[in-house]
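A look at the structure
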Amino acid sequence: MRRTGFRRTFATIGVCSSLALAATACGSGGDDAANGKTRITVNCEPPKSAKVDRKFFDADVAAFEKKNPDIDVVTHDAFPCQDPKTFDAKLAGGQMEDVFYTYFTDARHVVDINQAADLTPYLKELKSYDTLQQQLRDIYTVDGKVYGIPRTGYSMGLIYNRALFTKAALDPDKPPTTWEEVRADAKRIAALGGGTVGYADYSAQNQGGWHFTAELYSQGGDVVSADGKKATVDTPQGHAVLRNLHDMRWTDDSMGSKQLLIINDVQQMMGSGKLGMYLSAPDNIPILVKEKGGDYKDLALAPMPGGQGTLIGGDGYMFNKKDTPAQIRAGLKWLDHMFLTPGSGFLGDYARAKKNNAPVGLPEPRLFTGAADAEDQRVKKANANVPVENYQAFLDGNQRLRMKIEPPDAQQIYSVLDSVVSAVLTKKDADIDQLIEDASGKIDSILARS
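Residues numbered from 1 in each chain as written. Predicted model: local features only at pLDDT ≥ 70, side-chain atom pairs only at ≥ 80, totals over all residues. Heavy atoms only, no water.

**Describing unusual backbone geometry**
- In this chain, Glu-364 is followed by Pro-365 through a cis amide linkage whose omega measures 10°.
- With respect to the secondary-structure elements, Pro-365 resides in the loop between helix H14 (350–355) and helix H15 (370–382).
- Of note, Asn-114 is a non-glycine position whose phi angle comes to about 60°, a positive value.
- With respect to the helices and strands, the residue Asn-114 is situated in the loop between helix H4 (107–112) and helix H5 (134–139).
- Even without being a glycine, Asp-143 presents a positive backbone phi close to 50°.
- Mapped onto the elements of the fold, Asp-143 is located in the loop between strand E4 (141–142) and strand E5 (145–146). (Helix = DSSP H or I, 4+ residues; strand = E, 2+ residues; numbered from the N terminus.)

**A few points about the sheet that holds strand E8 (residues 197–199)**
- The 4 strands are arranged E8-E9-E7-E10 in an open sheet whose pairing can be described as mixed. Edge positions in the sheet fall to E8 and strand E10 (299–303), since each of these pairs with one other strand and no more. Within this sheet the neighbouring strands show an average axis-to-axis angle of 25°, counted without direction.
- Summarising the sheet, strand E7 (residues 157–161) and E10 pair through 5 bridges and their orientation is antiparallel. Across the sheet, residue Gly-157 finds its bridge partner in E10, namely Pro-303. (Pairing = 2+ DSSP bridges. Axes fitted to C-alpha atoms, helices over the stretch in contact; angles between N-to-C directions.)

**What about the environment of Lys-187?**
- If you trace the backbone, Lys-187 turns up in helix H7 (residues 179–190).
- Of the residues examined, Lys-187 reaches a relative accessible area of 46% and is grouped as partly exposed.
- Apart from residues no more than four positions distant in its own chain, Lys-187 is found in contact with Asp-252 and Ser-254. (Buried < 20%, exposed > 50% of the residue type's maximum accessible area, 1.4 Å probe, protein only. Contact = heavy atoms within 4.5 Å.)

**Re the pattern of salt bridges**
- With the rule as written, the count across this model stands at 20 salt bridges.
- Among the salt bridges present, the one from Glu-375 reaches Arg-378, with a minimum N-O distance of 2.9 Å. One end of the pair, Glu-375, and the other, Arg-378, are both in helix H15, 3 residues apart, so they sit about a helical turn from each other.
- Among the charged side chains, a network of salt bridges with common partners joins Glu-45, Arg-54, Asp-58 and Asp-77. (Salt bridge = Lys/Arg side-chain N within 4 Å of Asp/Glu carboxyl O.)

Quick look at the structure:
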């Protein structure tokens, strides 16, 4: 599921801009530009409306071309980076860029329809590859071959309001670690009155299904079987997720009366100081401050309650199957320069970000391992301008959690689960057993068609 936010996800590109079209075709167009350089088209250049990010991105591309005068990088700017409505059509029609952005959940699909170049023979060209987290590399590895490179990753956690915790006589330095504790703390916070909500959850536009999945992972469950062929939601863990939501909503009255919420609704509640807790990735925090009226000092992050697992997501780049060896080598060099060098590049130049008042010190993305991770964290800490101590519980707790990517056919499955969550939160007498049994059958049908 997509997150909102720009510097981490940066809201992605799906079609060529008129400017880019004037310069070159949208898709892969051969590796020899008119001047004899190796030319690559790339997408996910920030739109002009994101002025600071656009400036950084273009400056980094220019620096790369100066360092590699034999490579010409043609950037494509449109919104979003990957539009589900046009993504498959661009692939099938040969209009995809030479180096193109993908969500983690797209990797297998692109390989299955034979639209991705095999990068395995060229990995030695990517200096950073061995420093990237193995679980992220695995997402782009299919049958032992590498078809993409992760650029950033996130994991879900629990955002909570320290001020409301204190007001409710809860310890803000000891966030809940179990769903029983979440329920108890939410009840205490809701008892403050004045429209305060203890815990909020999504239940519309597929977002309820997304969060059901995250909550199921947190209790050790899965949405589909390991082979991807059968639903596994009709389990004790699946029932526990829905029962907990039902009881917080109807028995405790700690989730408020307004339901069918989506991410913007919940962010508005948290930013206004009227919400105690909700599930999210760290990139929500600057949105809560810059767009919703929140304060960094009041916003803290804990690991997913339940202690078993958390949902991870993110993005990376894949290469057009029509790319020449020269284009693949050039694209890998570009990725190293732009995104995969600790402490520098578009996402890693923390000094530049701090100078331009962008938040530095959020606990993710955590892309690297070993010495590379240590260097990235050192530079981040040196330039931190947010209260990093508010996120330590998240960092510590994540070390003990199983990291799980979203299920196959995620959006279709989320649509099914969305209706289940919305029913539980809007109907006091919702039949949880029947709802989850029906959902399981529908998910089986989706998987059978895949």
